[in-house]
Every structure is written in structure tokens, then in C-alpha cells.
Amino acid sequence: MIFSERIKSMQFSPIRKLMPYANDAVLKGKKVFRLNIGQPDIETPELFFKSIANFKETVLKYTNSQGMDILIDSFIKYYKEWDINFEKDEILITNGGSEALLFAMMAICDIDDEIIIPEPFYTNYNGFSEAAGVKVVPFLTKAEDGFHLPKKEEILKKITPKTKAILISNPGNPTGVVYTYYEIRMLSDIAKERDIYLIADEVYREFIYDNLKYTSALYMTDILDRVILIDSISKRYSACGARIGLVASKNKELINQILKLCQSRLCVPTLEQVGAASLINTPKEYFSRVTKEYENRRNILYDNLSVIPGVICEKPTGAFYVIVKLPIEDAEHFSKWMLTDFEYDNKTVMVAPAEGFYATPSLGKNEIRISYCINSNELKEAMMILSKGLEKYKSIF
Ligand SMILES: Cc1ncc(COP(=O)(O)O)c(C=O)c1O
């Protein structure tokens, strides 16, 4: 059988590829702490389910390809609270931020065009760019700099005539970095000077710790025609399964072009749009409670990780991930071994090997990404088990 070069070049998600081993471990009766995936455990606001229960139409129809008016209006209201002004024809509802990313790439890149991305980066950026025939050109950010951006000259070196955009996740997955105003300003200057887009993936906008101030790419008023916003309710409202996201830009012509892609897939699920539209009425207290919870977990995770011998990590300031350097050679082998061969009190830990978050071969080989989407007590126990696992692994390999 013949498969396309495109599909063959795509990788299996490093976040999910150890899943069969985890499932096997569970079948054998082990408890597995799942630190591999950014699936929040916080309850989705009840409003979401209530509004779907109150949906009284007798036919479940297609909606507009750009998304339901009530949902777009609710996002316009949401952005106003962040001092960002969007109009109706500047937002397209998508199947999660994932589809928004794919559509953005397809709309601005031809085959073999390039997008530059600070690495390590959200691993599915690889998947979307391979599907769109786009080349990812990484520039390195380092744990010792808290994964902040390198100097402008380093980034400029990566730009070629084929570069169409810079793509950032802010706050960062998998690094937890929150970029400063000056970093976003620098990227905006580059976009302006080199006539390229800035794709700003801001799906973790609410998850900022240590009282840091957030700078959206949309605060850079002089480059609004080249900012493409990727957003989603998945993390903000702990609603990953709803698959509701959006692509937005003040560049109306770009949005009009992307609308063709939206039309070709007809629409986003109706009921989920109804549920999502109600989320604008979520009390503000929800966000302060959730952010406090994640900040507390971040502290617990960091405190427990940094005392494990040989482990190196920087304290993240946003999102709910941390990249951790382990005192071993092959983090993928270790992560698999933790599921297949290790248990402590019949429990083990599942993490994501970090190599798949890098585009440069051989980087991240001894690193893992941990997500802190389990409660504090479990997190403490999981760190203890990770520590025991490392100790045993080092004694064997
Ligand atoms: C940085 C980033 N962008 C986009 C997404 C896609 O999210 P969704 O498609 O659920 O909206 C994720 C999911 O983990 C993410 O971490």
C-alpha cells in the first residue's frame, strides 16, 4: 500500500505515544499518575452543561461556518475585558485552537514556506506544519534563561525569503515561560521589519503566576494587521472536550480568506458552541480560584522536583507545564520503563519525553515535560515515585 510523503513524515504525538504502555499498566492493576498531558482536572463551569440542557431546537442544524453569532459576541465581550477590540468579521470559530493553527498556516504559507518558532515548542506545531507542508525553523531557548527569547540578532538569523511567520505560545507550552512586554515588542518589530506575520497562540492567557503582567501580541497596536490570534476554551474553562477555539485577526482580508477553509468543513458542533457561549457569564472568582490552585501546584511541583538528585529545572511562571532535565541519557526509554517495568506501592508515573518538543535533532533527549493537572497531594506522591524510579533506573542502566 502507498502512503503520502506527508503522512509518513508526520510523527506520532510524543504526549500520547506512551498511552498503550500506560493502559497496559492499568490493566495489570497499577495506578498511573498521568503527568503527560495538559488535560485539566478542574471542573468545567456548570453553566456550560446547563445551557446545553436548555437547548430546545428539534433539529440539530449546521451553524454558520464562521461560528454562531452568540458565541462570537461572547468572545468580543471577553476580549474587551482584556482591552482587545474585535469586530464580528475578525473572528472565526474553529474546532479548538488546533484547527485554528492549521488554518492559519494553510492561509499564509505555500508548500515549503517556513515558520520560525522558539524551541522547545508545543509538539503539535510539528503536526500542523507537516500537514500544511510548512517547514518549522526553530531557534533555541534555554532552561537557564527561563526559556526567554534570545537576542533579536539570533532570531533574525533564522529568517529567509521563505519565512512567513513567527509562531509563539504565550504563556508557553511546554516551558511555562511568560514573555515580557519587551520580548513581544521585539517580535513585533521583527514582524514589521521583515514583513511577516506573528501567530500568537494565547490559549493559556489566564494561567500567569507570581503577579506577572501579561502582554498579548494584540497590545502591539502598530502591527495589528499582521497578528493572528489563536485561542481556545479548552484550558481557560477546562473544556478540552468541547473542541471550541478560534482564529482572529484585525486583518479582515486574512479572516475572509480563512473563511473558505471554515466553509469547506461546514461548521463547528452546534451544541458545544451553545455551551461555550454561556461561559462568558462565568464568575470572575472562578479564574482567581483556578489560577491560585495551579500556582500552588507549580510551587509544590518545583519544590519536590528540585530536591531530586541530578534533576535540573527552572521555576515556570505560566501555563501548567515544566521541562525537566534528568540525570539519564534517554528520557523516552526511561518514561517507557516507568510504565512497563517500574512500580512503587503498585503505582507509577507517566510523563512526556521532551525530544518531540524540539525540532533540532538530539535536543531534549534527556528531558521530560511534566504537566501539573492532578491535585497537590497526588502531585507530591507522583514526585516521590518519580524520584524512586530514577534511583532504580540509574542503578540498572
Ligand atoms: C499551546 C497550545 N496551543 C494549542 C493547543 C490546542 O488546544 P485545543 O485544540 O484543545 O484548543 C494546545 C493544547 O494543548 C496547546 O498547548
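Residues numbered from 1 in each chain as written. Predicted model: local features only at pLDDT ≥ 70, side-chain atom pairs only at ≥ 80, totals over all residues. Heavy atoms only, no water.

As annotated in an unreviewed UniProt entry, the protein chain is Aminotransferase from Clostridium putrefaciens. Under the UniProt heading Cofactor (unreviewed entry), the entry covering the protein chain gives this text: "pyridoxal 5'-phosphate". (UniProt positions renumbered as here; feature names shortened; annotations may be inferred.)

Asks: Looking at this structure, how should I read the packing of helix α4 (residues 69–81) against helix α10 (residues 270–278)?
Replies: The description of two helices packed together rests on the angle between their axes and the distance between the axes. At a minimum axis separation of 8 Å, α4 and α10 run at an interaxial angle of 30°. Overall, the two elements α4 and α10 adopt an arrangement that is roughly parallel. In the crossing of α4 with α10, the sense of the turn from one axis to the other is left-handed. Mapping the contact onto sequence places Ile70, Leu71 and Ser74 in α4 and Gln273, Ala276 and Ala277 in α10. Looking at side-chain class alone, the contact of α4 with α10 contains four nonpolar, two polar and no charged residues. (Axes fitted to C-alpha atoms, helices over the stretch in contact; angles between N-to-C directions. Helix = DSSP H or I, 4+ residues; strand = E, 2+ residues; numbered from the N terminus. Parallel < 35°, antiparallel > 145°, perpendicular 65-115°, else oblique. Left-handed = near helix turned anticlockwise from the far one by under 90°. Contact = heavy atoms within 4.5 Å. Nonpolar A, V, L, I, M, F, W, Y, C, P; charged D, E, K, R; others polar.)

Asks: How should I be thinking about the nonpolar core in this particular structure?
Replies: Ranked by size, the top nonpolar core spans 128 residues in total, and within it Ile91, Ile233, Leu305 and Ile370 carry the most contacts. Of the residues forming this core, the biggest block, seven residues, is contributed by helix α13 (residues 376–396). Counting contributing residues, this core receives three or more from each of domain 1 (5–43 + 285–396) and domain 2 (46–281). Once you skip the residues sitting within four places of it in the chain, Ile370 turns out to touch Leu35, Leu301, Leu305, Phe320, Tyr321, Val322, Val324, Val351, Met383 and Leu386. Core analysis: the next-biggest nonpolar cluster, separate from the first, contains six residues, Ala22, Val32, Leu339 and Met350 among them. (Core = buried A, V, L, I, M, F, W, Y, C linked by side-chain atoms within 4.5 Å. Buried < 20%, exposed > 50% of the residue type's maximum accessible area, 1.4 Å probe, protein only. Domains from an automatic or database assignment.)

Asks: I'm lost on the site of the ligand in this one. Help?
Replies: Taken together, 14 residues sit near the ligand, with Gly97, Ser98, Asp201, Tyr204 and Ser232 positioned nearest. Here Asp201 contributes a side-chain N or O atom positioned 2.5 Å from a nitrogen atom of the ligand. Side-chain polar atom of Tyr204 to an oxygen atom of the ligand: 2.7 Å apart, as the coordinates give it. Contact with the protein chains hides 94% of the accessible area of the ligand, taken as 400 Å² for the molecule alone. The leading source of residues in the shell around the ligand is helix α5 (residues 96–108), at three residues. Its residues assigned to classes, the shell around the ligand comprises four nonpolar, seven polar and three charged. (Near = heavy atom within 4 Å. Polar contact = N/O pair within 3.5 Å; in protein donor to acceptor, adjacent residues only side chain to side chain. Areas by Shrake-Rupley, 256 points an atom, 1.4 Å probe, with all protein chains shown as cover.)

Asks: How do you make sense of empty space enclosed by the protein when you look at a structure like this?
Replies: Once rolled over the atoms, a probe with the size of a water molecule shows which space is left empty. Evaluation of the coordinates by the stated rule reveals four cavities of 30 Å³ or more. For the largest cavity, the calculated volume is near 100 Å³. Lining of the largest cavity is provided by 17 residues; of these, Pro118, Pro120, Ser169, Asn173 and Tyr179 occupy positions nearest its centre. If you list the elements that add at least two residues to the lining of the largest cavity, you get β3 (114–119) and β5 (163–169). With three residues, the top contributor of residues to the lining of the largest cavity is β5. (1 Å grid on protein atoms, 1.4 Å probe; cavity = no way out; pocket = protein on both sides within 12 Å on 5 of 7 lines; lining within 4 Å. Points joined across faces, edges and corners; volume = space filled by probe spheres on them.)

Asks: Which parts of the structure should I look at to understand a nonpolar patch on the surface?
Replies: A cluster of nonpolar side chains, Met1, Phe3 and Ile7, forms an exposed patch at the surface whose accessible area comes to about 440 Å². Relative to the helices and strands, Met1 resides in the segment before α1 (5–9). (Patch = residues over 30% accessible without salt bridge, like charges linked within 9 Å, V, L, I, M, F, W, Y side chains within 5 Å. Salt bridge = Lys/Arg side-chain N within 4 Å of Asp/Glu carboxyl O.)

Asks: It is not clear to me how the domain arrangement of the protein chain should be interpreted in this structure. Could you clarify?
Replies: Per the domain assignment, the segments of the protein chain are domain 1 (5–43 + 285–396) and domain 2 (46–281). Put simply, the middle of domain 1 and the middle of domain 2, counted by C-alpha atoms, are 26 Å apart. Facing 36 residues of domain 1, the contacting portion of domain 2 comprises 38 residues. Of the roughly 3,000 Å² buried between domain 1 and domain 2, counting both surfaces, carbon and sulfur atoms make up 58%. On inspection of domain 1 and its partner domain 2, the count reaches one salt bridge. The partner of Arg298 in a salt bridge is Asp210, and the shortest N-O contact between them spans 2.7 Å. If you look at where domain 1 meets domain 2, you find 17 residue pairs in polar contact (both at pLDDT 80 or more). Going through the elements one at a time, α1, α11 (284–305) and β9 (321–325) are the ones with two or more residues in the side of domain 1 that touches domain 2. (Buried area = accessible area lost by both parts, 1.4 Å probe.)

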